Amino acid sequence: MLAKFIQESINTQHEFLIQAIDDLTSEKLRWHATPEDNTIERIPWHMFRVEDTWIQFFIQYQTEIWEHQKWTDVFDLPTRDNGFGHTPEQVSNFPNLELAELLAYGEEVRKGTLAYLSELNPNQFNMVPRERRPKICVADVFRQIVGELYQHTGQIAYIKGMMRGADAFPPNYTAPS
């Protein structure tokens, strides 16, 4: 039951994300309110990188999809970078990404997350994957991921609102089913 709730939360968030960015041009994806502020395109990159790190590396002790599938080469970004702790200068100098490639990477991450989730039995949600982090169990990781995904999608909507004002979302925008 918990796994189904997490899966539905992740899938619904993905629908929200696609609706939030689907109508944006490359120029709008790269718009900065100020030079130090995030662009919209940087946020999904960060979201996907964090999910990849939590599931592949932290829980499963595997090489991240980012590295294993050579997305580092596609985007020409460092292996261990996920956006945490970036300085304003790093944010300002973040490279332009191709949205289709970024979403393809996100899809691979999502597949990996949902595959792992589908294999969990209810008792495994209490497993602590890292002895050095004894207060973080698998359920905590999923709570963090779901929270971050929705939080960052909200940030995208906020940036879009700053950029567009009242026309931030198309008139046919609806909550995903």
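My aim in this report is to walk through the structure given alongside it, one point at a time. (Residues numbered from 1 in each chain as written. Predicted model: local features only at pLDDT ≥ 70, side-chain atom pairs only at ≥ 80, totals over all residues. Heavy atoms only, no water.)

## Considerations on the pattern of salt bridges
So, point 1. Inspection of the entire model under this criterion finds 10 salt bridges.
So, point 2. Residue Lys-111 pairs with Glu-108 through a salt bridge whose shortest N-O separation is 3.0 Å. Taken together, the residues Lys-111 and Glu-108, both in helix H7 (residues 99-119) and 3 residues apart, mark about one turn of the helix.
So, point 3. Across the salt bridge formed by Asp-140 and Arg-143, the nearest N and O atoms sit 2.9 Å from each other. Here Asp-140 pairs with Arg-143, and both are found in helix H8 (residues 138-164), just 3 residues apart, close to one helical turn.
So, point 4. Residue Arg-143 is classed as exposed on the basis of its relative accessible area of 60%. (Salt bridge = Lys/Arg side-chain N within 4 Å of Asp/Glu carboxyl O. Helix = DSSP H or I, 4+ residues; strand = E, 2+ residues; numbered from the N terminus. Buried < 20%, exposed > 50% of the residue type's maximum accessible area, 1.4 Å probe, protein only.)

## Section: the packing of helix H3 (residues 42-59) against H8
So, point 1. Here H3 crosses H8 at 175°, and the two axes come no closer than 9 Å. It follows that H3 is roughly antiparallel to H8 by the angle criterion. Residues Ile-43, Pro-44, His-46, Met-47, Val-50, Glu-51, Trp-54, Ile-55, Phe-58 and Ile-59 of H3 lie in contact with H8, whose contacting residues are Val-138, Val-141, Phe-142, Gln-144, Ile-145, Glu-148, Leu-149, His-152, Thr-153, Gln-155, Ile-156 and Ile-159.
So, point 2. Broken down by class, the residue content of the contact of H3 with H8 amounts to 15 nonpolar, 5 polar and 2 charged. (Axes fitted to C-alpha atoms, helices over the stretch in contact; angles between N-to-C directions. Parallel < 35°, antiparallel > 145°, perpendicular 65-115°, else oblique. Contact = heavy atoms within 4.5 Å. Nonpolar A, V, L, I, M, F, W, Y, C, P; charged D, E, K, R; others polar.)

## Re the packing of helix H1 (residues 2-21) against H8
So, point 1. Where H1 contacts H8, the two axes come as close as 10 Å, and the packing angle between them is 15°. Taken as axis vectors, H1 and H8 run roughly parallel relative to one another. As for how H1 packs across H8, the hand of that crossing is left-handed. In this structure, H1 contributes Ile-6, Ser-9, Ile-10, Thr-12, Gln-13, Phe-16, Leu-17, Gln-19, Ala-20 and Ile-21 to the contact, and H8 contributes Phe-142, Val-146, Leu-149, Tyr-150, Thr-153, Ile-156 and Lys-160.
So, point 2. Each residue belonging to the contact of H1 with H8 can be placed in one class, and the counts come to 11 nonpolar, 5 polar and 1 charged. (Left-handed = near helix turned anticlockwise from the far one by under 90°.)

## As for the nonpolar core
The nonpolar side chains of a soluble globular protein tend to be buried with one another.
So, point 1. Counting 41 residues, the largest nonpolar core has Ile-40, Phe-75, Tyr-105, Val-141 and Phe-142 as its most contacted members.
So, point 2. Contacts of Tyr-105, omitting those with residues within four sequence positions, involve Phe-48, Arg-49, Asp-52, Ile-65, Trp-66, Trp-71 and Phe-75. (Core = buried A, V, L, I, M, F, W, Y, C linked by side-chain atoms within 4.5 Å.)

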